[in-house]
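# Structural description and commentary
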Amino acid sequence: MFYEKELKFLTDTLKKCHIRTALISPDEPMNSLIGEDVVPIFTPEAFKGKTLREALNKPEHKMLYKMTDSFGRCYQYMLLYGAKTDIIFSVGPYLSEPLSQKRLLELGEELNISPKSQRYFEEYYMSIPVLNEDSPVFVMLYTFCENMWATPSFAIVDIGAEYKNPASPINEPTHSDDSLDDIIVSMKAMETRYKFENEMMNAVTLGQIQKEPFLLTAFSEQAFEKRVQDPIRNRKNYGIIMNTLLRKAAEKGGVHPLYLDRVSSEYATRIEKISSIEEGNEMMRDMFKSYCRLVRKHSVANYSKVVRETILLIDSDLAADLSLSSLAQNQNISAGYLSAVFKKETGKTVSEYIREKRIKHATHLLLTTHLQIQTIALHCGIVDVQYFSKIFKKQTGKTPKEYRETMKQ
């Protein structure tokens, strides 16, 4: 192939960016597009029993195809001229936007992923790169197409896209020939913004949620650095910046990355869905309070290493074996020692802490998802649904079904 060197350069570069590429015969099974490491159950129905040629509507030369499968994974592919036969070059899978925790849970139930396997299922999605439509990756791909097909213009065919790509990320500011007065005003505005950001970060580090009215209610246009002309895009850009700063502030406050990643990912998705200035301001207030709550609830800075490790083991997977002996064995300490030090530092026994966490997680799933009650019980580490209902009612005064129906009214 005359473009062999260019193709190798492209694939090597994408590989370093953790983006999968493949050269596949059009007559190979459709699941070759996804990768051999994916279990059969995770192959969309539209893919099963079909070759690439059949499923991709007989791809033509000098056309770049974009496709989103039923699980939200995106691909781009094209037909290459081969020495003996044609071959398909594919890029993906990738995500056009992060999937929320709620969507991953519901997708797991749709695919009959067991609660014990849900963690690995979510890790699989976390391993898939998220690429915006104007990502440099696609600039490289389009340049390759231009050179290969010797044309600055070619068709891009979008097949069954199910998710919209988020708007473009932060753009670099452009500067005109500003006067000295303009530069001084700009410097003062920048100093004010940095002071404001530092106050917010310090408040989050200390979990001072009570400072929200003083810090965030009076948001104004002057608080934001205007990187682009579109005010909503500007709000989104600032939201991205603040999500990063507040996450770092909460980490400094003693919150483990396990908790930070969940909140940060959720806000990354919410930021791109902002449709008005007011919605952006409200989201910023919610973000500030959420990170403050994380510090208040999950800061382990004052606990011993043994208690910190135990809390993280429990919180990371409520469906795991969380018996006292198992938790102690994991840290090579005696169950008696763990029981005593945990009670002394937290004021609760290990079993009390686990029960409270499981019921709290159950209430969250009942109100935020459509998962069946039996599935929720499994996600909370309780196999017997009747026992789950019993302890849930003892803790909340309602059965899981009653709780869902009452609280959603």
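Predicted model only: the values in this text are computed from it and were never measured.

Rules and cut-offs
- Along each chain, residue indices are assigned from 1 in the same order as the chain's sequence is written.
- Note on the predicted model: pLDDT of at least 70 is required for a residue's local features to be given, and 80 or more for side-chain atom pairs to be given and counted; whole-chain, interface and lining totals, by contrast, use all residues.
- Water and hydrogen atoms play no part in the side-chain values, which are based on all heavy atoms of the structure.
- To define a nonpolar core, start from buried Ala, Val, Leu, Ile, Met, Phe, Trp, Tyr and Cys residues and group those joined through side-chain atoms within 4.5 Å.
- A simple rule labels every residue: compare its accessible area, found with a 1.4 Å probe on the protein chains alone, to the largest value its type can have, and call it buried under 20%, exposed over 50%, or partly exposed in between.
- Secondary structure follows DSSP: runs of H or I at least 4 residues long count as helices, runs of E at least 2 residues long count as strands, and numbering of each begins at the N terminus.
- For this analysis, residues touch if any pair of their heavy atoms sits within 4.5 Å.
- Axes here refer to lines fitted to C-alpha atoms; in helices the fit is confined to the stretch in contact. Angles between the N-to-C directions go from 0 to 180 degrees.
- Residues are grouped as follows: Ala, Val, Leu, Ile, Met, Phe, Trp, Tyr, Cys and Pro are nonpolar; Asp, Glu, Lys and Arg are charged; every other residue, Gly included, is polar.
- What makes two strands pair is DSSP finding at least two bridges between them.
- Any angle that is under 35 degrees is reported as roughly parallel, and any over 145 degrees as roughly antiparallel; angles of 65 to 115 degrees are reported as roughly perpendicular and all others as oblique.
- Rotating anticlockwise by less than a right angle from the far helix to the near helix defines a left-handed crossing, while the corresponding clockwise rotation defines a right-handed one.

This part takes up the nonpolar core. Core analysis: the biggest nonpolar cluster contains 39 residues, and Val204, Met287, Tyr291 and Ile314 have the highest contact counts within it. Listing elements by their share of this core, those giving two or more residues are helix H6 (180-205), helix H8 (231-252), helix H9 (257-271), helix H10 (277-298), helix H11 (305-316), helix H12 (324-330), helix H13 (335-346) and helix H14 (350-368). Looking at this core, the element that brings in the most residues is H10, giving eight residues. Those residues within four positions of Ile314 in sequence are excluded, and the remaining contacts are Leu322, Leu327, Val350, Tyr353 and Ile354.

Bringing the packing of H9 against H11 into the picture now. Contact geometry for H9 and H11: axes closest at 10 Å, N-to-C directions at 35 degrees. Between H9, through Leu258, Tyr259 and Arg262, and H11, the contact on the second element is made entirely by Ile311, Leu312, Asp315 and Ser316. Per-class residue counts for the contact of H9 with H11 are four nonpolar, one polar and two charged.

Trans peptide bonds make up most of the peptide bonds, and negative phi angles are found at most residues other than glycine. Note that the residue after Gly92, namely Pro93, is joined by a cis bond; omega there is 10 degrees. As for its placement among the helices and strands, Pro93 is situated in strand S4 (residues 87-94). The phi dihedral of Asn332 falls on the positive side, at around 60 degrees, and the residue is not glycine. Its relative accessible area of 72% is what places Asn332 among the exposed residues.

Time to look at the pairing of strand S2 (residues 63-68). For S2, a buried count of five out of six residues is recorded, marking the element as mostly surrounded by other parts of the structure. Bridge analysis of S2 against strand S5 (residues 155-159) gives five bridges, and the strand direction is parallel. Considered in S5, the bridge of Lys66 is made with Asp158. Sheet topology note: the S2/strand S3 (residues 74-80) ladder contains five bridges and is antiparallel. The residue of S3 that forms the bridge with Lys66 is Gln76. Between S2 and S3, which pair antiparallel one after the other, the connecting turn spans five residues, and Gly72 there sits at a positive phi close to 85 degrees.

The strands that make up a sheet are held in pairs by hydrogen bonds between backbone atoms, and each pair lies either parallel or antiparallel. An order of S1-S4-S3-S2-S5 is seen for the five strands of this open sheet, with the pairing classed as mixed. Edge positions in the open sheet fall to strand S1 (21-24) and S5, since each of these has one partner strand only. Ignoring strand direction, the axes of neighbouring strands in this sheet form an average angle of 20 degrees. Across the sheet, helix H1 (residues 4-16) touches S1, S3 and S4, and the angle it forms with S4 is around 20 degrees.

In this section: the packing of helix H3 (residues 101-110) against helix H4 (residues 115-127). At a minimum axis distance of 10 Å, the contact between H3 and H4 shows a crossing angle of 125 degrees. On the basis of the axis angle, H3 is oblique to H4. You can see that H3 and H4 cross each other, and the crossing is right-handed. Along the contact surface, H3 presents Gln101, Leu104, Leu105, Leu107 and Gly108, while H4 presents Gln118, Phe121, Glu122 and Tyr125. Here the residues of the contact of H3 with H4 sort into five nonpolar, three polar and one charged.

The quantities given are spatial measurements derived from coordinates; they are silent on function.
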